[in-house]
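Results of the structural survey
Residues per chain are reported as follows:
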Amino acid sequence: MGCDPLGLCQYETAKLVRIRSARLGSLKWALNALIFLFIGIMLFWNKEYQEHDLVVSSVTTKVKGVALTQVPEVGEMLWDMVDHSGTFQGKNSFFVITNVIVTKKQKQGKCPEGVPNGRLCQSDADCNKGEWDQSSHGVQTGACVKSDVTKKTCEVFTWCPVENKRKPPRPALLMAAENFTVLIKNNIRFPAFSYIKRNILPDMKESYLKSCTFNRRSDPLCPIFRLGDIVQEAKENFTEMAVEGGVMGIQINWDCDLDRLFHKCRPSYSFRRLDEKETNRTLYPGLNFRFAKYYTENGVETRTLYKAYGIRFDVMVFGKAGRFSIIQLIIYIGSTLSYYALTTLFIDWLIGTSCYAKEAQRNYSERKFETLDDHNLLCVSFVDEDALRLAKVSRKKRLQEVKPESVRPRKVGNGKSQPVTGSLWALATALHAPPKQRADIALQEPPRSEQPAWCQCARCRPSDAPQEQLCCRQSRGRCISTSPAFERLALGRPLLESVLLYRDPLLDLSTEAAPRLLRHCAYDVYIDWRFGAEREGACPVVPSCCVWRIREEYPSPDGRYRGLRPASKVALIPGAHSGC
């Protein structure tokens, strides 16, 4: 395969561990069945297989009802649709008067302000001409006049006489409004599906609409509502609410299924009060406003002022329509597949608890989790130091001079810390005894010219790679590559051939590849001799002097070598080496 720097021609997949256990297998399928059941229920319960669209609507209302009231200081008054609600229609709302305070025959002129709205005074000096405040009915003239027998207030220019009643009558004057009815016409549209409908259904005839009234149980689809029933459905008292007024909400909800097999699209109605009804919790409870009716009397413009209390009904439309969509179904299935990972998480947690045998836990953990060592650590062994140094790879500083991250004792000659396998078995057979420590090794130091500055044994060669600039010694002295032990272990052809044949009994050592195999095997034997098994996962580095001595003994035909390529495991494992 050619060079693939971006990894486009590679595929990675997760490693799975299969545990043969009837208990765990049964638990897995039981949990998967529960998850499948849950996914299926949610699929149909929430209609996750549908795409949805929100409603667009318009509302019109028509109130009907007539009331005859006895208004104090006025007498009988007839209230029809125009009087109690005709001029107070709003967008998606309507208003019905339920109580009223009437002030008759008001004319523009000067009169004393009423208490407590007017400013109390003792003389004209207490009144400011042209002044007005929020509680006043008009503009002060600057005069102080009697308001009643005991009090004086500042005179104002306004509509006289001023309104002097503050509290609405009890009971409400238009209690008959409880029996008024309202026809609500609601047209809806779902743009995504080009679907249009209204709350007056096709099967509703004119005769039906003239006689029906909404009832939660007997007639829940009738679009004609009695105002008293609306307030009662909201669990409110119409008699109390009519005194000071309030705000009611009429909610129309369209939950439509546009699939052919399950087609359903009908409105449902609900009601609730929207304003704060407790008088002691709000400063201005209820709902009221003023309006006037003007006429001319004896050539003077006159009006009758009405302070109207009533109930405003806000019609709010909500809705959503759904229709089958294969794309939504695929998205839902894809998003819920991750739920099956809960089975794996639960069983993994169960195996790790005391409910499972410790031996089985250990065995499972060893198979499931694979520890990868940090390849940025290099392992160094100096012949004049009984320790192994762990140092980080540096691109600028020589490995000979890099400060170690940690220093660990070097353990050799002990079967427990250094198992006799692979090349070590051949090594023990050839030598009949483990290598002795350096105190028993006679070292020689032949002279060598042009040695690099970092070399301490006079046998190293220059290198451009900082991780290859390593000597066998920390301080000046004899080179380990001149010792008899090095000659017998790292350079002895019979020993190296024995190790290679131990790995592969049918290996042919008469081919052109024999020098390369012997060279790499020599690296492995040196590493196993000098570093042992206690390397903390770091990559062992063979000193420059030893590398070049091995290359002199088993050279490459073209004189080219790969150099150091760190790997986490380069001991006597078949096919593994330091890459030199």
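Residues numbered from 1 in each chain as written. Predicted model: local features only at pLDDT ≥ 70, side-chain atom pairs only at ≥ 80, totals over all residues. Heavy atoms only, no water.

1. Concerning the UniProt feature "transmembrane region" (unreviewed entry) in the chain
Keep this limit in mind: UniProt positions are given in the numbering used here, feature names are shortened, and annotations may be inferred rather than shown by experiment. What counts as a helix is a DSSP run of H or I of at least four residues, what counts as a strand is a run of E of at least two, and both are numbered from the N terminus.
With numbering matched to this structure, UniProt assigns "transmembrane region" (unreviewed entry) to residues 26–45. Taken end to end, residues 26–45 is 100% helix and 0% strand, and its two terminal C-alpha atoms sit 28 Å from one another.

2. Quick word on unusual backbone geometry
For clarity, the threshold we go by: Buried residues are those whose accessible area, probed at 1.4 Å on protein chains only, stays under 20% of the maximum for their type, while exposed residues exceed 50% and partly exposed ones sit between those limits.
Of the consecutive residues Cys160 and Pro161, the connecting peptide bond is found in the cis state with omega at -5 degrees. Mapped onto the secondary structure, Pro161 falls in the loop between β7 (152–160) and β8 (181–190). Cis rather than trans, the peptide bond between Arg170 and Pro171 has omega equal to -5 degrees. Locating Pro171 in the fold gives a position in the loop between β7 and β8. Despite not being glycine, Asn92 shows a phi value in the positive range, around 60 degrees. Note that Asn92 resides in the loop between α2 (81–86) and β5 (93–112). Residue classification places Asn92 among the partly exposed residues on the basis of a relative accessible area of 29%. Of note, the phi angle at Ala458 is positive, near 70 degrees, even though the residue is not glycine. For Ala458, the position within the fold is in the loop between α9 (423–431) and α10 (484–490).

3. Quick notes on the confidence of the model for the chain
Spelled out, the test is: For every residue, the predictor states its confidence as a pLDDT score lying anywhere from 0 to 100. In this description, contact between two residues means that some pair of their heavy atoms is separated by no more than 4.5 Å.
Looking at the chain as a whole, its pLDDT mean stands at 84, while 86% of the residues score no less than 70. Here residues 430–446 scores under 50 on pLDDT; set against residues more than four positions off or in separate chains, the count is 37 contacts. In the predicted structure, residues 568–580 sits below a pLDDT of 50 and forms 44 contacts with residues beyond four places in sequence or in another chain.

4. A closer look at the layout of surface pockets
Operational definition: Of the grid points, spaced at 1 Å and generated over the protein atoms alone, those admitting a 1.4 Å probe that cannot get out make up cavities, while open sets with protein on both sides within 12 Å along at least five of seven lines make up pockets; any residue with an atom within 4 Å of a point is treated as lining. Grid points are joined across faces, edges and corners, and a volume is the space filled by probe spheres set on the points. When residue character is reported, Ala, Val, Leu, Ile, Met, Phe, Trp, Tyr, Cys and Pro are called nonpolar, Asp, Glu, Lys and Arg charged, and the others, Gly included, polar.
Within this model, the largest pocket holds a volume of roughly 1000 Å³. Around the largest pocket, the lining comprises 34 residues; the ones closest to its centre are Glu163, Lys165, Arg166, Arg290 and Lys307. Of all the secondary structure elements, the ones that give two or more residues to the lining of the largest pocket are β5, α5 (238–244), β13 (288–297) and β14 (300–324). Considering each element in turn, the lining of the largest pocket owes the most residues, five residues, to β5. In terms of residue class, the lining of the largest pocket is built from 13 nonpolar, eleven polar and ten charged. As for the second largest pocket, its lining consists of 18 residues, of which Val17, Arg18, Ile19, Lys28 and Thr344 are closest to the centre. Of all the secondary structure elements, the ones that give two or more residues to the lining of the second largest pocket are α1 (22–45), α7 (341–352) and α8 (358–368). Of the residues forming the lining of the second largest pocket, the biggest block, five residues, is contributed by α1.

5. Looking at the packing of α1 against helix α6 (residues 326–336)
The line we're drawing: Helix axes are fitted to C-alpha atoms over the stretch in contact, other axes to C-alpha atoms as well, and angles between N-to-C directions run from 0 to 180 degrees. Roughly parallel here means an angle under 35 degrees, roughly antiparallel means over 145, roughly perpendicular means 65 to 115, and every remaining angle is called oblique. Here a crossing is taken to be left-handed if its near helix is turned anticlockwise relative to the far helix by less than a right angle, and right-handed if that turn runs clockwise.
Between α1 and α6, whose axes approach to 11 Å, the crossing angle comes to 150 degrees. Comparing the axis directions of α1 and α6 gives the class roughly antiparallel. Classified by chirality, the crossing of α6 by α1 is right-handed. Judged by residue contacts, Ile39, Met42 and Leu43 of α1 engage Leu329, Tyr332 and Thr336 from α6.

6. Remarks on the sheet that holds strand β18 (residues 539–540)
Note the following rule: By the convention used here, strands pair only if DSSP detects at least 2 bridges between them.
Read across the open sheet, the four strands follow the order β17-β16-β15-β18; overall the sheet is mixed. Each end of this open sheet is capped by a strand with a single partner; those strands are β17 (406–409) and β18. Relative to β17, strand β16 (residues 387–392) runs antiparallel, the two sharing four bridges. Bridge pairing links Ala387 to Pro409 in β17.

7. Some words on α7
The cut-off we apply is this: Multiplying 1.5 Å by the helix residue count minus one yields the expected span of that helix. Relevant arc is that of directions from the helix axis to the C-beta atoms, nothing else.
With twelve residues, α7 should reach 16 Å at 1.5 Å per residue; the first-to-last C-alpha distance of 17 Å fits that figure. Every buried residue of α7 is listed here: Thr343, Ile347, Leu350 and Ile351. End-on, the buried residues of α7 take up no more than an arc of 100 degrees, which puts them together on one face. In α7, the exposed positions angled more than 90 degrees off the buried face are occupied by Leu342, Leu345, Trp349 and Gly352. Of the surrounding elements, those touching the buried residues of α7 are α1 and α8.

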